[in-house]
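# Reading the structure
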Amino acid sequence: MLRLRFNYRSSSAYESPAFYGELQTIERLQLKAIEIITDPQFGMSVDALKHAVNSHDIKACWLMSKYQNPLGASMPEVNKLAILDVLAAKHIPLLEDDVYSELYFSEYKPKPIKAYDQQGLVLHCSSFSKCLAPGFRVGWVVAGRYAKQIEKLQFMTTLSAAVPNQLAIAEFVLHGNYDTHLRRLRRQLESRQQQMRHAIEQYFPLETTITRPSGGYFLWVVLSDHINTGELLQTLLDDHNISIAPGTLFASDQQYKNCMRINSSYLLTDKIRQALITLARCFA
Ligand SMILES: Cc1ncc(COP(=O)(O)O)c(C=O)c1O
């Protein structure tokens, strides 16, 4: 979609902090990136987006309305509507990345912004990578008024996604107890998130704050101001064989130095617990 809308140096609005894949795409296409401040609980700021669209010629906006990577933020329904209103007033398309949509901990699945889209301005993207088959690379986009153009662009670039992979997933979704699998996965992720949060609260310095996402599998950890997780990265790897995702990975300009993202989807084994204790010692 970005390739459809943009010329060299066109402006695009995106979250800060954001998924590094998004930052890489923006860099590769040499777009002018307008960072929109994003709240760890409520997602992209409506006011900041409003200000940005009024002061720049923004050609598209890219965000995650639920279980945002890296914050885990999810927008309240009023914010989803408000974001859509701001963009629709200027006919700006929204690329809604909803790859974690199936991984909700609530009783009902929260709606994407796409559910409120009357004008076909939202391109809703998702995939089976996070909930079923990471290596299969099968995903989709519900592209509204851009559907034909997207179809053409995909045909020109990759022809199509691998057919055997699509058939295998279709077979599983139809006959493989997909819903049971998802229910089990959600329960497991919720319980692992709880355990990971408790362990971080137990070991990390008192001033540490941790998000409490209502789905997905990322925790955003904010440490004391003097900590620089990016600087610790190499030492942790060399001396302790611990790999972390430092905050600076999720923005340009060395922002979020005292932050890190933790993936809570893994079982809290003794090895991971020990790694947390080692990290805590480095952050003290
Ligand atoms: C926010 C976000 N969007 C997109 C992707 C890519 O998904 P896929 O593996 O289906 O290409 C990822 C994968 O890490 C992600 O975290």
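Residues numbered from 1 in each chain as written. Predicted model: local features only at pLDDT ≥ 70, side-chain atom pairs only at ≥ 80, totals over all residues. Heavy atoms only, no water.

Next up on the list: the site of the ligand. Around the ligand, the surrounding shell consists of Phe19, Met64, Asn69, Asp97, Val99, Tyr100, Ser127, Ser129, Lys130 and Arg137. One of the side-chain nitrogen or oxygen atoms of Asn69 is found 2.9 Å away from an oxygen atom of the ligand. Contact between the ligand and Tyr100: an oxygen atom at 2.6 Å from a side-chain N or O atom of the residue. Here the ligand has 400 Å² of accessible area as a free molecule, and 77% of this is covered by the chains. (Near = heavy atom within 4 Å. Polar contact = N/O pair within 3.5 Å; in protein donor to acceptor, adjacent residues only side chain to side chain. Areas by Shrake-Rupley, 256 points an atom, 1.4 Å probe, with all protein chains shown as cover.)

Here the domain parsing of the protein chain yields domain 1 (2–173) and domain 2 (185–283). The centre of domain 1, based on its C-alpha atoms, is set 25 Å off from the matching centre of domain 2. When the two sides are added together, the surface that domain 1 and domain 2 hide from each other amounts to roughly 2000 Å², 59% of it contributed by carbon and sulfur. On the domain 1 side of the contact with domain 2, Tyr20, Pro70 and Phe105 bury the most area, a combined 33% of that side's loss. Across the domain 1-domain 2 interface, the total number found is one salt bridge. Two residues, Arg186 and Glu102, come together in a salt bridge whose shortest N-O distance is 3.1 Å. Across the domain 1-domain 2 interface, the total number found is 10 residue pairs in polar contact (both at pLDDT 80 or more). (Domains from an automatic or database assignment. Buried area = accessible area lost by both parts, 1.4 Å probe. Salt bridge = Lys/Arg side-chain N within 4 Å of Asp/Glu carboxyl O.)

Remark: helix H8 (residues 229–240) packs on helix H9 (residues 270–283), axes separated minimally by 12 Å, with the N-to-C direction vectors making an angle of 135°. By the angle class used here, H8 and H9 are oblique. The two elements H8 and H9 meet at a crossing, and its hand is right-handed. Residues Thr229, Leu232, Leu236 and His240 of H8 touch H9, and the partners they reach there are Thr278, Leu279, Cys282 and Phe283. Taken together, the residues that form the contact of H8 with H9 break down as five nonpolar, three polar and no charged. (Axes fitted to C-alpha atoms, helices over the stretch in contact; angles between N-to-C directions. Helix = DSSP H or I, 4+ residues; strand = E, 2+ residues; numbered from the N terminus. Parallel < 35°, antiparallel > 145°, perpendicular 65-115°, else oblique. Left-handed = near helix turned anticlockwise from the far one by under 90°. Contact = heavy atoms within 4.5 Å. Nonpolar A, V, L, I, M, F, W, Y, C, P; charged D, E, K, R; others polar.)

Time to look at helix H3 (residues 46–55). Within H3, the full set of buried residues consists of Val46, Leu49, Ala52 and Val53. Burial along H3 is one-sided: seen end-on, the buried residues are contained in an arc of 125°. Turned more than 90 degrees away from the buried face of H3, the exposed residues are Asp47, His51 and Asn54. Its side-chain oxygen 3.4 Å from the backbone nitrogen of Asp47, Ser45 forms the N-cap of H3. (Buried < 20%, exposed > 50% of the residue type's maximum accessible area, 1.4 Å probe, protein only. Arc of directions from axis to C-beta.)

Let's shift gears to the nonpolar core. Met44, Leu49, Cys61, Leu63, Ile83, Leu87 and Ile113 are the most contacted members of the largest nonpolar core, which totals 20 residues. Those elements that place two or more of their residues in this core are strand E2 (32–39), H3, strand E4 (58–63) and helix H4 (77–89). Sequence-distant contacts of Cys61, defined by excluding residues within four places in its chain, comprise Ala13, Met44, Leu49, Leu87, Ile92, Pro93, Leu94 and Leu95. Counting residues in each nonpolar core, the second largest holds 19 residues, with Ala199, Val221, Leu276 and Ala280 among its members. (Core = buried A, V, L, I, M, F, W, Y, C linked by side-chain atoms within 4.5 Å.)

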